[in-house]
Amino acid sequence: MAAIAVGDIIPDGTVSYFDEQDQMQSVSVHSLAQGKKVILFAVPGAFTPTCSTKHVPGFIEQADELKSKGVDEILCISVNDPFVMRAWAKTYPDNKHVKFLADGAGKYTHALGLELDLSEKGLGVRSRRYALLVEDLKVKAANIESGGEFTVSGADEILKAL
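Model, not experiment: these values are computed from the prediction. (Residues numbered from 1 in each chain as written. Predicted model: local features only at pLDDT ≥ 70, side-chain atom pairs only at ≥ 80, totals over all residues. Heavy atoms only, no water.)

## What to know about the pattern of salt bridges
Counted by the stated rule, this structure contains three salt bridges. Residues Lys-36 and Glu-73 are paired through a salt bridge, measuring 3.5 Å at the closest nitrogen-oxygen approach. Of this pair, Lys-36 sits in the loop between α1 (29–33) and β3 (37–43) while Glu-73 sits in strand β4 (residues 73–78), and the two are 37 residues apart along the sequence. Given the relative accessible area of 27%, Lys-36 is considered partly exposed. (Salt bridge = Lys/Arg side-chain N within 4 Å of Asp/Glu carboxyl O. Helix = DSSP H or I, 4+ residues; strand = E, 2+ residues; numbered from the N terminus. Buried < 20%, exposed > 50% of the residue type's maximum accessible area, 1.4 Å probe, protein only.)

## Observations concerning the UniProt feature "active site" (unreviewed entry) in the protein
Summarizing the sequence annotation, UniProt attributes the feature "active site" (unreviewed entry) to Cys-51 in the numbering used throughout. Take Cys-51: it is sitting in helix α2 (residues 49–61). Setting aside its immediate chain neighbours within four residues, Cys-51 contacts Val-43, Pro-44, Gly-45, Val-56, Pro-57, Trp-88, Tyr-92 and Arg-129. (UniProt positions renumbered as here; feature names shortened; annotations may be inferred. Contact = heavy atoms within 4.5 Å.)

## Topic: the nonpolar core
Membership of the largest hydrophobic core comes to 25 residues, with the highest contact counts inside it found for Ile-39, Phe-41, Phe-59, Ile-74 and Trp-88. Elements represented by at least two residues in this core include exactly β3, α2, α3 (63–68), β4, α4 (82–89), β5 (98–102), β8 (130–135) and α6 (155–161). Ile-10, Ile-77, Leu-132 and Val-139 belong to the second largest nonpolar core, which has 22 residues in total. (Core = buried A, V, L, I, M, F, W, Y, C linked by side-chain atoms within 4.5 Å.)

## A closer look at the packing of aromatic side chains
The final tally for this structure, using the stated rule, is six aromatic pairs. An angle of 45 degrees between the planes, with centres 6.3 Å apart, marks the rings of Phe-47 and Trp-88 as tilted. Here Trp-88 lies in helix α4 and Phe-47 lies in the loop between β3 and α2, a separation of 41 residues in the sequence. With relative accessibility at 0%, the residue Trp-88 sits in the buried group. Considering the side-chain rings of Tyr-92 and Phe-100, the 6.0 Å spacing of their centres and the 15 degrees angle between planes classify their relative orientation as stacked. Counting every residue linked through ring pairs, the aromatic cluster contains Phe-47, Trp-88, Tyr-92 and Phe-100. (Phe/Tyr/Trp six-rings, centres within 6.5 Å; stacked < 30°, edge-to-face > 60°.)

## Some thoughts on the pairing of strand β2 (residues 24–28)
Regular strands have side chains that alternate between both faces of the sheet. The pairing of strand β1 (residues 14–18) with β2 spans five bridges and is classified as antiparallel. Its bridge partner lying in β2, Ser-16 is registered against Ser-26. As consecutive antiparallel partners, β1 and β2 are separated by five residues, and within that stretch Asp-22 has a phi angle of approximately 60 degrees, a positive value. (Pairing = 2+ DSSP bridges.)

## What to know about α2
Along its 13 residues, α2 runs 17 Å from first to last C-alpha, staying within 8% of the 18 Å computed at 1.5 Å per residue. Among the residues of α2, Cys-51, Ser-52, His-55, Val-56, Pro-57, Gly-58, Phe-59 and Ile-60 are the ones counted as buried. (Expected span 1.5 Å × (residues − 1).)

Written out as structure tokens, the structure reads:
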């Protein structure tokens, strides 16, 4: 399956998260993105080093600037369950804009064609690290990493695309 690319319409799929009332919600990705400018970025795993110390903090720190350029939603997705994603989100008390979404079985990641097999490291099938800039469901920028790299999917690169 080919990876999602610029010009593609993102597939729909269901992801889960905990809302402000600490209630688990399951929502379609299209319901979060239709008619909006969104950043959908993914990490191989919650609580992992690069994801926790570089990738997520960059989007949290630059959220106001991203919002000032018309971004409606900043969505972080990982192949983890919603309870892990809720616990991970709580480690960022200053976060006001990044929504942590669980793709527990990796079905949405598979639909994007962005799976990363980390079975040899004991992590199973996860997501490649990426950042997509999406406007009304259409991909405007697709910054997809190779392997475990972190060179093109950070907040700085999405700011350049904006």
